[in-house]
Amino acid sequence: SDFSRTINHPEMQLDCSWRQSEWERMKEIFGTDFPNLPSAAAASTSAATSDTAEAKNLLRNYSAKTMLYYNYMVLHDRKSHDDTQLESLLNQSVQKALSEWQKLPNFVSNSHTGLLHRFHILVELKESIGIIHELNNYRRQNQVPNLKTFITTWRE
């Protein structure tokens, strides 16, 4: 973390903050080192209203890894977002990762490993959003949630 600050490498700083669960530090990094990235609320609102020009611009400017960390930050700060906004941001990240995948060579090599790992994390984020959605629905109905399908999927 200190080294990434010393060399001023924002993506490495995000990685360190994510691994240490320093969510406030991540917000600070996104606010200072990624000034064109809208706030989490603005980005998810534009994604939910299908403002495709702004969404494409958001995708064009940042890497799939940066978008992944942004999704984590928004998911952590989900009080100001609904489930459809979270899913929309996640779908943008998947599209960005797919476009980066298409730029890789046709034969699978070590260069694919990092992106395959990010796809795996994106799937886990999508499942997390599903669990949160399920918990919120049951909480509104004052019932005990049935998370057996999610847990069975993760176990396999």
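Rules used in this analysis
Residues numbered from 1 in each chain as written. Predicted model: local features only at pLDDT ≥ 70, side-chain atom pairs only at ≥ 80, totals over all residues. Heavy atoms only, no water. Helix = DSSP H or I, 4+ residues; strand = E, 2+ residues; numbered from the N terminus. Buried < 20%, exposed > 50% of the residue type's maximum accessible area, 1.4 Å probe, protein only. Contact = heavy atoms within 4.5 Å. Areas by Shrake-Rupley, 256 points an atom, 1.4 Å probe, with all protein chains shown as cover. pLDDT = per-residue confidence, 0-100. Phe/Tyr/Trp six-rings, centres within 6.5 Å; stacked < 30°, edge-to-face > 60°.

Glancing now at the overall build of the protein chain. Secondary structure summary: the protein chain contains nine helices and zero strands in total. When its helices and strands are written in sequence order, the protein chain yields α-α-α-α-α-α-α-α-α. Out of the 156 residues in the protein chain, the part that is buried amounts to 38%. Considering only contacts within the protein chain whose residues lie at least 6 apart along the sequence, 58% involve residues at least 24 apart. Summed over its atoms, the accessible surface of the protein chain is roughly 9600 Å², and 52% of this surface lies on carbon and sulfur atoms.

With 74% of its residues at a pLDDT of 70 or more, the protein chain shows a mean pLDDT of 75. Between residues 40-52, whose pLDDT stays under 50, and residues either more than four places distant or in other chains, the model counts 18 contacts.

What follows concerns the packing of aromatic side chains. Following the criterion strictly, the structure yields three aromatic pairs and no others. Ring geometry for W18 and Y69: centres 5.7 Å apart, planes at 50 degrees, overall tilted. With W18 in helix α2 (residues 10-19) and Y69 in helix α6 (residues 64-76), this residue pair connects regions lying 51 residues apart in the sequence. With a centroid separation of 5.2 Å and 45 degrees between ring planes, the pair formed by W18 and Y72 is classed as tilted. With W18 in helix α2 and Y72 in helix α6, this pair connects stretches of sequence that are 54 residues apart. In this structure Y72 comes out as buried when scored by relative accessible area, which is 15%. In textbook terms, an aromatic cluster arises when at least three aromatic residues are bridged by ring pairs, as seen for W18, Y69 and Y72.

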